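Fold and geometry: a report
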Amino acid sequence: MIRFVRLVVLTCIFAGSVSAQPLTNSKHSDARDPFHPIQRWLPTPGVYRTASGAPGPMYWQQRADYDIDITLDDSQRSLSGDCQIIYHNDSPHTLTYVWFQLDQNRFNKASAAVQGLTAPSLSGKSPFASVQALLAQQAFDGGYKIGSVSLIDTANGSSAEDSKELTYLVVDTMMRVDLPKPLAPGDSVTIGISYRYNIIDAKVIRGRGGYEHFDEDDNTIYEIAQWFPRVAAYTDYTGWQHDQFLGRGEFTLELGDYKVDITVPDDMVVTATGTLSNPNDVLKEEWIERLDSIHDSKKPTFIVTPEEAKANETARSKVAAKSKKGKSKKATKPQGTKTWSFDAKNVRDFAWAASRKFIWDAMPVKVGDRTVTAMSFYPNEAEPLWSKYSTESIAHTLEVYGQYTFDYPYEVAISVNGPVHGMEYPMICFNGPRPEDDGTYSKATKYALISVIIHEVGHNFFPMIVNSDERQWTWMDEGLNTFLQYLAEQEWEEDYPSSRGPAEKIVPYMRGGNQRPIMTGSDEILQFGNNAYGKPATALNILRETVLGRERFDFAFREYCRRWKFKRPTPADFFRTMQDASGTNLDWFWRGWFYSTEHVDIAIDSVELFVISSGDPDEEREEIRRKEDTKEDTPSDERNQDLRRRVDWQPGLKDFYNSPDYDVHKVEESDRKAYRKFLDRLDEDELALLKRTTQFYVIKFVNRGGLVMPIPLRVHYADNTQENIMLPAEIWRYNSREIKKLLLTEKEIVRLEIDPKREIADTDTANNHWPPKLEPTRFKLFKSEKKKNAMQKARGAKDDSDDEDADEDSEDESKEKESKGKSKDEDGKDSGDASGDQDDDVKDDAEKTDASEMDSEAAADEEVENAPSAKSKEKSKRAGKRKRKGKAAKATEGSDE
């Protein structure tokens, strides 16, 4: 009852339902009713969105076109510029104001994102990087500085100089601009905004963009995102989407055309969303020639070579060196600037990157009947890993994703190496993994790079083109993309170490606690990575492989992508389309996986065997005798064998029933006669049925986890053959807690096993076997080792104590490096920051958890074992402190004298 009430509350809140689940059915043992339709939880279909999941005949969405002129101040690490937005009101509503997103305001010290952060653990040891991030966040002058907001009357040919100031209100990360007159349906308005802001050091304050400075050559990589006031989405399902940006829940934006001029120091290389419209003004002649020559290339070609990038950054470092010596203090300032112009059509956002350090490579990718240019930008510090894998990973993503969705529609796809571990924007993404300083790299680093690029390039499909709203439904972006990432990884090479997708990978999370349903607002999700990435990706993989099969799933999924390409779907549109196109009622699946926190745990409770009785009284009585004869005596029977019985010494007490002539199992002739009469009444088919040796096995399954699922069952027979049976999820429709299934076979069953291929994420395999299967748990032997206490070390083991100190220092150093290398904590948030898209480490989450638990346990054991020596060590420290104080006092007295 309690679980039912909690489920109702959550689903009503997160699904925005119009009706609650039906009242508890007190006359049925299974009151949860997991097969009850979810349609009443979903928005009512209408002219905007149909019951089939397709856009309706009157579907609409807004549009915003941008003309931006921005300047990068490399010395101050800030941006300033002007943005003109043409906002088209294609809705049926008249608007009196327009909301804008000011995402950089989240770095303001007074923002809800900063003030809403909960306290980190400061007990024991804290890495330098974590504390530095906390201090930097408090000191950083973050957020937009709005210069002006104005109405530009472009309809009458007026320019920005003739603009009219508009009233606006900044509400944390949102800004409301009031219009001087209502904006009617079908009309448009042009709003101009001038602004500036300081760029964060993304290696200290984690974010979705920022800069990384290289002290050794005094160069910087800029990855610039969420850098201009962007129109908030206005939709049919929620009106203005102006939930505050707290760092994690991303954004939904309006599609439009962009014209962007980016002014930077003239020795920087710039890459961005869109296509470069003035290559002759900013590119060297040899770079243009190399770009023109790649059309038939089968592998990446350098446009800016490693040697050229090195020479460019070296020239900068030489200037910096002269400045430090005082020979040329003005030489650190750029000698000039260049303006890079980019055009992007029908995109929902724009991002860019700039640096003197960039190597640039490119290759063509055939996509349908078009050719897309895949490009990567990275410093020499990323070599040789990036030139080998980055651009190839882009090409692979475009090819594989296209098989399952639609052809990539843009002209370029770009991957940039810099301070951001993984973040996506239209046509461009930022990715972090690099090799060691000596150019070597681990297996984990290699696959982390390939996976994060697949994931971030894949985001072009979700949510950049299939324009879902991650501020509300993170899984529609991250989950769908992670699912396709898994498919792409498996097409990269055999045995690719995918960390998400296979059912067994999600088991530790599903089995654990501290969860909320997938259908939870982005900022309220617990265990972000598992909830928004892993669980929905696994659910879709199970839906594809086990529930629907690849043919039906792939058709339905492709239909969803085709219907909502360059449109804005909701969860209801996805659920309805998948059902509509696959021809399968999946309400039970969405309800269990997306609206609940139940898990899969199906157990074999019992197995009964039934066979057909021929009815022959001689056979039946003989079977009874056989059973009695083979029945083992009870202890009482054994011990009573030598008892002196009364009938033995009083023979007169015996009668017919004690004589050998009496047989309780004797078959009477009347019984045989009745049986022959019974046979005479049977036809040929009935007689044949009576003679069958078919065995009827009744298997009782118990649903201990609560989540209804198909039951993959493997049956092992006595003749060493086996059979795989898939019982559909509908077997639970009358009772989702326990059911019985009848198996008819001519062969003897010797063993049964649920989910032998690990395809339904069953969380407890121990109860999946009949007869029960005992799996050994291994334990390790160890030998206790007596360690020296502090007094013993002080007497003569000087080297040991020195080594101990060195080990502690080394341990601290190692922990700090490890902390710096992590982009997320276990809940999916950036270290020192609440953002959360950098979640694509190829290492198995479960393995990492196990390893950390082992380390913690080992540390605890060592602490208990060494408690006495630790105590004496503390006493020794205090004694040494008093001794040093005494020496210092004596030395002072001597100097005074």
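Residues numbered from 1 in each chain as written. Predicted model: local features only at pLDDT ≥ 70, side-chain atom pairs only at ≥ 80, totals over all residues. Heavy atoms only, no water.

1. A closer look at the overall build of the protein chain
How we decide: Each helix corresponds to a stretch of at least 4 residues labelled H or I by DSSP, and each strand to a stretch of at least 2 residues labelled E; elements are numbered beginning at the N terminus. Summary of the burial criterion: residues with accessible area below 20% of their type's maximum are buried, those above 50% are exposed, and those between are partly exposed, where the area comes from a 1.4 Å probe applied to protein chains only. Residue contacts follow a heavy-atom distance rule, with two residues in contact if any of their heavy atoms lie within 4.5 Å. Residue burial considers only the protein chains on display, and all accessible areas are found by Shrake-Rupley using a 1.4 Å probe.
From N to C terminus, the protein chain includes 24 helices and 31 strands. Out of the 897 residues in the protein chain, the part that is buried amounts to 49%. Taking the contacts inside the protein chain whose residues are at least 6 apart along the sequence as the reference set, 75% of them involve residues at least 24 apart. Carbon and sulfur atoms make up 49% of the accessible area of the protein chain, which totals about 44,900 Å².

2. A word on the confidence of the model for the protein chain
Note the following rule: As a per-residue measure, pLDDT reflects the predictor's confidence and takes values from 0 up to 100.
This prediction gives the protein chain a mean pLDDT of 86; 83% of its residues lie at or above 70. For residues 1-21, every residue scores under 50 in pLDDT, and the model assigns this stretch 41 contacts once sequence neighbours within four places are set aside.

3. Let's talk about the sheet that holds strand β8 (residues 188-198)
The line we're drawing: A pair of strands counts as paired when DSSP detects no fewer than two bridges linking them.
In space, the eight strands of this open sheet follow the order β5-β4-β8-β2-β1-β14-β18-β16, with mixed pairing throughout. Two strands bound the open sheet, and with one partner strand each, they are β5 (164-165) and β16 (275-276). Bridge count between strand β4 (residues 145-152) and β8: seven bridges; the pairing is antiparallel. Its bridge partner being in β8, Lys145 is matched across the sheet by Arg196.

4. Comments concerning the pattern of salt bridges
A side chain of one charge can pair with a side chain of the opposite charge when the charged atoms of the two come close. Formally: The salt bridge criterion pairs a side-chain nitrogen of Lys or Arg with a carboxyl oxygen of Asp or Glu, the two atoms within 4 Å.
Using the criterion set out here, one finds 38 salt bridges in the structure. For Arg63, the salt bridge is made with Asp257, and the minimal N-O distance between the two is 3.0 Å. Placement of Arg63 in strand β1 (residues 63-73) and of Asp257 in strand β14 (residues 256-265) is noted, with a sequence separation of 194 residues between them. Arg63 sits in the partly exposed class, given a relative accessible area of 24%. Look at Asp257 and you get partly exposed, because its relative accessible area is 23%. The partner of Asp580 in a salt bridge is Arg563, and the shortest N-O contact between them spans 3.0 Å. Taken together, the positions of Asp580 in helix α14 (residues 571-582) and Arg563 in helix α13 (residues 550-563) put the pair 17 residues apart, joining distant regions of the chain. Assessed through its relative accessible area of 12%, Arg563 is described here as buried. One salt-bridge network, in which partners are shared between bridges, spans Asp217, Lys310, Glu313, Lys357 and Glu381.

5. Some remarks on a nonpolar patch on the surface
Applied cut-off: Excluding any residue in a salt bridge, patches collect residues exceeding 30% relative accessible area, merging like charges within 9 Å and nonpolar Val, Leu, Ile, Met, Phe, Trp and Tyr side chains within 5 Å.
A cluster of nonpolar side chains, contributed by Phe656, Tyr657, Tyr662 and Val664, occupies part of the molecular surface with about 450 Å² of accessible area. Relative to the helices and strands, Tyr662 is located in the loop between α18 (646-649) and α19 (669-680).

6. Description of the sheet that holds strand β22 (residues 412-417)
The line we're drawing: Geometry is summarised by axes, namely lines fitted to C-alpha atoms with helices restricted to the contacting stretch, and by angles between N-to-C directions that run from 0 to 180 degrees.
The six strands lie next to each other as β17-β20-β21-β22-β24-β23, forming an open sheet whose pairing is mixed. Every other strand in the sheet has two partners, leaving β17 (301-304) and β23 (422-425) as the edge strands with one partner each. In this sheet, neighbouring strand axes are inclined to one another by 20° on average, regardless of whether the strands run parallel or antiparallel. Across the sheet, helix α5 (residues 285-292) is in contact with β17 and β20 (359-367); its angle to β17 comes to roughly 155°.

7. So, α13
To keep it simple, the criterion reads: Expected span of a helix: the number of residues minus one, times 1.5 Å.
A rise of 1.5 Å per residue sets the reference length of α13, with its 14 residues, at 20 Å; its end C-alpha atoms lie 20 Å apart and thus fit the reference within 8%. When α13 is considered as a whole, its buried residues turn out to be Phe553, Asp554, Ala556, Phe557, Glu559, Tyr560, Cys561 and Arg563. At its buried positions, α13 is contacted by α7 (385-404), α9 (460-465), α10 (478-490), α12 (528-548) and α14.

8. Regarding the pairing of β23
Burial of β23 is two-sided: the residues Gly422 and Glu424 facing one way and the residues Met423 and Tyr425 facing the other way are all buried. Relative to strand β24 (residues 428-431), β23 is paired through four bridges, and the arrangement is antiparallel. Among the inter-strand pairings, Gly422 is bridged to a residue of β24, identified as Asn431. Linking β23 to β24, which pair antiparallel, is a turn of two residues; within it Met427 sits at a positive phi near 70°.

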